[in-house]
Amino acid sequence: MTKRQSGALLTRIRLDRDGPMPVSRQLEDQLRDLIRAGQLPGGTRLPSSRALAAELGVSRPTVVVVLERLEAEGFLEMRRGAGTFVAHAPPSHLPPVPDRPANQGAESSGPPRSSGIGARLLTLDADVDVREDRAFLPNTPAYDHFPFALWQNCVNRQTRRAYRGNMGYAEPAGYEPLRRAIATYLALHRSDACDPEQIVITPGAHAAFMIAVQLLTDPGDGLLFEDPGPFIARHLFETLGRRLVHVPVDDDGMDFEATVAGTRDVRLAFAMPSRQHPLGRTLSVPRRQRLLDWARANDAWIIEDDYDSEFRYTGRPLPSMRSIDGGGRTIYVGTFSKALFPALRVGYFVLPPALVGMFRNAMALVFRSMPVAPQMALADFIADGHFASHLRRMRELYTERRARFIEVAEQVSGGLYRVERPDSGMNVVAWLPEGCDDREASRRGVAAGVHCYPLSDYAVKPLPRPGLLIGFTGVAQHQLAPGLQRLGVAVSAALATHEGHPRRPAT
């Protein structure tokens with residue numbers, strides 16, 4: 001089959017962008033069915049990922065992920081320098097493909113019977129693209145500077161000392177030496193002394209959020225949430241049936257007082273005092289104290305997501321809100337995803353003593369126990385001083401990359417976007433000209449290899465102006481100028497799609 005024939009055949013793919021199934025899943029299923037049905041025979045060369053993305057109207061990274069998945073299943077072969085081909089001998093053990101329409105959206109019989117949470121999840125596009133090797137992807141650590149040898153030594157050490165006593169179910173609160181190591185780290189580096197008994201290990205921060213919200217509130221209860229704020233957490237709380245009370249964010253962080261004055265039944269506040277996501281604001285000390293006073297006066301709770309507290313570039317980190325909480329109203333949530341690597345999937349609570357038993361029992365019922373091996377390795381990594389040393393090196397590296405990113409952005413932006421200098425964190429905000437669609441700019445940027453997120457995705461109410469969230473910590477110096485130039489082209493093209501909006505420099 002010729003390239004022209006394969007391209008024509010691929011026009012039979014139909015993607016339902018309004019259906020409940022993610023576009024990536026639709027594309028993957030339809031390509032697999034075409035191969036299994038023999039309509040894409042072995043040896044057929046597929047169009048390039050760039051051409052496929054343009055033809056189907058999806059982002060190139062989405063196409064790349066689909067092709068890589070089909071290659072892993074044995075349906076495709078990727079040949080360096082030659083292209084992507086249908087495998088000559090695709091998996092033969094699979095049953096024949098059933099006759100069904102090309103559009104793989106909702107089933108004709110209607111949605112499956114489910115709970116209210118299941119129904120909400122059915123319509124939620126939470127199929128997050130997890131590839132971390134693209135330039136400018138927000139929240140991406142500098143993996144090339146991770147001390148793999150030291151980490152592997154810790155992994156090997158815990159493997160050698162494995163014995164029957166640590167091969168069964170573990171303590172639901174987590175590996176005790178790890179809890180001690182975390183308590184020591186918080187006391188030394190966050191000025192936040194706590195008893196290791198107050199710490200409960202979780203499979204990442206979002207699992208902690210889910211547990212805390214379900215234990216401390218009921219469906220329909222009000223929950224203070226920043227706007228703009230992290231959209232995955234927002235979807236999680238809405239799916240759990242909580243009533244989000246959206247709070248504006250200014251230069252001093254979440255401006256909650258006017259909102260709570262006219263709101264009833266708010267049982268919980270979700271706060272990111274160290275670095276608000278996505279705007280990067282720090283909650284001022286007076287507002288921290290007033291939020292604590294509000295929680296104590298209203299018998300409410302605060303989830304403190306200590307987001308990006310490790311990476312501050314100007315001045316010393318502010319104390320955690322938990323460390324100044326004299327009323328025991330703060331549930332502190334930490335994670336190692338940004339400081340080390342996301343695949344580790346280790347987070348933790350620091351709880352008020354009154355809540356420890358409740359949260360331990362919840363962990364025992366929901367997760368039974370956490371995997372012990374990574375906890376053992378992490379405990380050694382912290383106790384041996386490697387974690388603190390790694391953070392110092394990363395702060396130095398990220399300080400350099402931040403300065404260089406802003407310098408290059410100012411040189412190549414051509415006035416099409418203005419980068420805000422962050423005091424902390426792993427990302428910058430690039431403000432776009434008024435009238436520019438940041439979602440369109442993001443889509444065009446991704447297609448050009450510049451992966452950034454539109455601020456509109458984080459907001460419920462319209463933002464004063466459009467913007468993009470761009471990661472700088474995982475970007476090497478040689479990627480900066482070419483990538484930021486492509487970003488300028490993407491922004492310019494997005495502006496050009498909106499007639500009547502002049503291309504004026506961002507101010």
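Please refer to the structure placed before this passage.
Remember, predicted model here, so these are calculated numbers, not experimental data.

Chemist: Any details on the sheet that holds strand 14 (residues 467-471)? Residues and values, ideally.
Modeler: Reading across the sheet, the 4 strands line up as 11-12-14-13 and stay open at both edges, with antiparallel pairing between neighbours. Since the sheet does not close on itself, it has two edges, and those belong to strand 11 (418-420) and strand 13 (453-454), each with one partner. Looking at chain direction, strand 12 (residues 427-431) and strand 14 are connected through 5 bridges and run antiparallel. In the sheet register, Ala430 faces strand 14, and the bridge partner there is Leu468.

Chemist: Account for unusual backbone geometry, with residues named and values stated.
Modeler: Cis geometry marks the peptide bond from Asp227 to Pro228, where omega comes out at 0°. Backbone torsion omega between His277 and Pro278 reads 20°, so that peptide bond is classified as cis. Along the chain, the position of Pro278 falls in the loop between strand 7 (266-271) and helix 11 (285-297). Its identity is not glycine, yet Asn139 carries a phi of approximately 65°, on the positive side. You can see Asn139 is positioned in the loop between helix 5 (116-122) and helix 6 (148-160). Positive phi, normally seen in glycine, also occurs at Asp299, with a value near 50°. Within the fold, Asp299 resides in the loop between helix 11 and strand 8 (301-305). Judged by relative accessible area, Asp299 falls into the exposed class, the value being 53%.

Chemist: Mind laying out the pairing of strand 8, listing which residues take part and the relevant values?
Modeler: Of all 5 residues in strand 8, 5 are buried; the element is thus mostly enclosed. With burial as the criterion, each face of strand 8 is covered, one bearing Trp301, Ile303 and Asp305 and the other bearing Ile302 and Glu304. Direction of pairing for strand 7 relative to strand 8: parallel, over a ladder of 4 bridges. The residue of strand 8 that forms the bridge with Leu268 is Trp301. Remark: the strand 7/helix 11/strand 8 crossover connection has right-handed handedness. With 4 bridges joining them, strand 8 and strand 9 (residues 330-335) adopt parallel strand pairing. Across the sheet, Ile302 pairs through a bridge with Thr330, a residue of strand 9.

Chemist: I'd like a description of helix 13 (residues 372-383), backed by residues and values.
Modeler: With 12 residues, helix 13 should cover 16 Å at 1.5 Å per step; its first-to-last C-alpha distance of 16 Å lies within 8% of that length. The element helix 13 is extensively covered by neighbouring structure, given that 9 of its 12 residues are classed as buried. Looking at helix 13, one finds that the buried residues are Val372, Gln375, Met376, Ala377, Leu378, Ala379, Asp380, Phe381 and Ile382. Buried positions along helix 13 lie against helix 6, helix 7 (176-189), strand 3 (199-202) and helix 14 (386-412). One or two steps after helix 13, the chain reaches Gly385, where phi turns positive at roughly 90°.

Chemist: How would you sum up helix 2 (residues 23-36)? Please name residues and give values.
Modeler: The terminal C-alpha atoms of helix 2, which comprises 14 residues, lie 20 Å apart, in line with the 20 Å expected from a rise of 1.5 Å per residue. Of all 14 residues in helix 2, 11 are buried; the element is thus mostly enclosed. For helix 2, every residue scored as buried is listed here: Ser24, Gln26, Leu27, Glu28, Asp29, Gln30, Leu31, Arg32, Asp33, Leu34 and Ile35.

Chemist: So what's going on with the sheet that holds strand 6 (residues 253-254)? Which residues, and what values?
Modeler: Sheet architecture is open: 8 strands sit in the order 3-10-9-8-7-4-5-6, paired in mixed fashion. Both outer strands of the open sheet, strand 3 and strand 6, are each paired with one neighbouring strand and no more. Here 4 bridges tie strand 9 to strand 10 (residues 347-350), and the two strands are oriented antiparallel to one another. Looking at strand 10, one finds that Gly334 is bridged to Tyr348.

Chemist: Any details on the packing of helix 3 (residues 49-56) against helix 4 (residues 60-73)? Residues and values, ideally.
Modeler: Packing of helix 3 against helix 4 brings their axes to within 8 Å, and their N-to-C directions diverge by 120°. By the angle between their axes, helix 3 is oblique relative to helix 4. Between helix 3 and helix 4 the crossing geometry is right-handed. Contacts from Ser49, Arg50, Leu52 and Ala53 of helix 3 reach helix 4 at Arg60, Val63, Val64 and Leu67.

Rules used in this analysis
Residues numbered from 1 in each chain as written. Predicted model: local features only at pLDDT ≥ 70, side-chain atom pairs only at ≥ 80, totals over all residues. Heavy atoms only, no water. Pairing = 2+ DSSP bridges. Helix = DSSP H or I, 4+ residues; strand = E, 2+ residues; numbered from the N terminus. Buried < 20%, exposed > 50% of the residue type's maximum accessible area, 1.4 Å probe, protein only. Right-handed = clockwise from strand over helix to strand, strands pointing away. Expected span 1.5 Å × (residues − 1). Contact = heavy atoms within 4.5 Å. Axes fitted to C-alpha atoms, helices over the stretch in contact; angles between N-to-C directions. Parallel < 35°, antiparallel > 145°, perpendicular 65-115°, else oblique. Left-handed = near helix turned anticlockwise from the far one by under 90°.

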